[in-house]
Amino acid sequence: MAKVVVHVMPKTEILDPQGQAIVGALGRLGFDGISDVRQGKRFELEVADDIDDGKLAEIAESLLANTVIEDWTVTREASEENA
């Protein structure tokens, strides 16, 4: 088994109201110097070793991300046995 992480983020040209709300809250709480926040999603999948990158891309594009407004990346993490 392998651990795969899929990060999904709004495309840069898409307004991120949640991120902007966080920027405002940080300023009100006294955390100065933060001008932008983008909020996304992280999915962790345990997959069989024979699942290839093409299949992972298909999963990300068809289920995990709305490709019209979101970009995604897939990363295979080192197993604890190999770390």
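Criteria and cut-off values
- Residues numbered from 1 in each chain as written.
- Predicted model: local features only at pLDDT ≥ 70, side-chain atom pairs only at ≥ 80, totals over all residues.
- Heavy atoms only, no water.
- Helix = DSSP H or I, 4+ residues; strand = E, 2+ residues; numbered from the N terminus.
- Expected span 1.5 Å × (residues − 1).
- Core = buried A, V, L, I, M, F, W, Y, C linked by side-chain atoms within 4.5 Å.
- Buried < 20%, exposed > 50% of the residue type's maximum accessible area, 1.4 Å probe, protein only.
- Patch = residues over 30% accessible without salt bridge, like charges linked within 9 Å, V, L, I, M, F, W, Y side chains within 5 Å.
- Areas by Shrake-Rupley, 256 points an atom, 1.4 Å probe, with all protein chains shown as cover.
- Salt bridge = Lys/Arg side-chain N within 4 Å of Asp/Glu carboxyl O.
- Pairing = 2+ DSSP bridges.
- Axes fitted to C-alpha atoms, helices over the stretch in contact; angles between N-to-C directions.
- Contact = heavy atoms within 4.5 Å.

Trainee: Help me understand helix α1 (residues 17-28) in this model?
Mentor: Since the α-helix packs 3.6 residues into each turn, any two residues three or four apart lie on the same face. Counted at 1.5 Å a residue, the expected span for α1 with its 12 residues is 16 Å, and the 17 Å between its end C-alpha atoms agrees. Positive backbone phi, approximately 90°, marks G30, located one or two places after α1.

Trainee: Looking at this structure, how should I read the environment of I22?
Mentor: Secondary-structure assignment places I22 in helix α1. As for I22 and Q39, which are separated by 17 residues in sequence, their C-alpha atoms are 8.9 Å apart.

Trainee: What's the story with the nonpolar core in this structure? I'm lost.
Mentor: Side chains of a nonpolar character, in soluble globular proteins, are inclined to be buried together. Judged by nonpolar contacts, A2, V4, V6, V8, L45, V47, L56, A60, L64 and A65 together constitute the single largest core of 10 residues. Of all the secondary structure elements, the ones that give two or more residues to this core are β1 (2-10), β2 (41-47) and α2 (53-64). Among the elements that make up this core, the one with the highest residue count is β1 (four residues).

Trainee: Please clarify how a nonpolar patch on the surface should be interpreted in this entry.
Mentor: Together, L29, F31 and I34 make up an exposed nonpolar region whose accessible area comes to about 320 Å². Turning to its location among the elements, I34 is positioned in the loop between α1 and β2. Note on I34: relative accessible area 40%, which makes it partly exposed.

Trainee: Can you help me understand the sheet that holds strand β3 (residues 70-77) in this one?
Mentor: Sheet strands pair via backbone hydrogen bonds, and the direction of the pair is either parallel or antiparallel. Ordered by their spatial adjacency, three strands build an open sheet running β2-β1-β3, and the pairing between neighbours is antiparallel. With one partner strand each, in any of the chains shown, β2 and β3 form the two edges of the open sheet. Taken over all neighbouring pairs, the strand axes of this sheet differ in orientation by 20° on average, direction set aside. In the sheet, β1 pairs with β3 via eight bridges, with the strands oriented antiparallel. In the strand pairing of β3, V8 is matched with W72. Across the sheet, α2 is in contact with β1, β2 and β3; its angle to β3 comes to roughly 140°.

Trainee: Looking at this model, I keep getting lost on the pattern of salt bridges. Mind explaining?
Mentor: Counted by the stated rule, this structure contains seven salt bridges. With a closest N to O distance of 3.7 Å, E77 and K3 form a salt bridge. Of this pair, E77 sits in strand β3 while K3 sits in strand β1, and the two are 74 residues apart along the sequence. Taking the shortest distance from any N to any O, the salt bridge between R42 and E77 comes out at 3.6 Å. Within this pair, whereas R42 is found in strand β2, its partner E77 is found in strand β3, the two being separated by 35 residues in sequence. On the basis of relative accessible area, R42 is assigned to the partly exposed category, the value being 44%.

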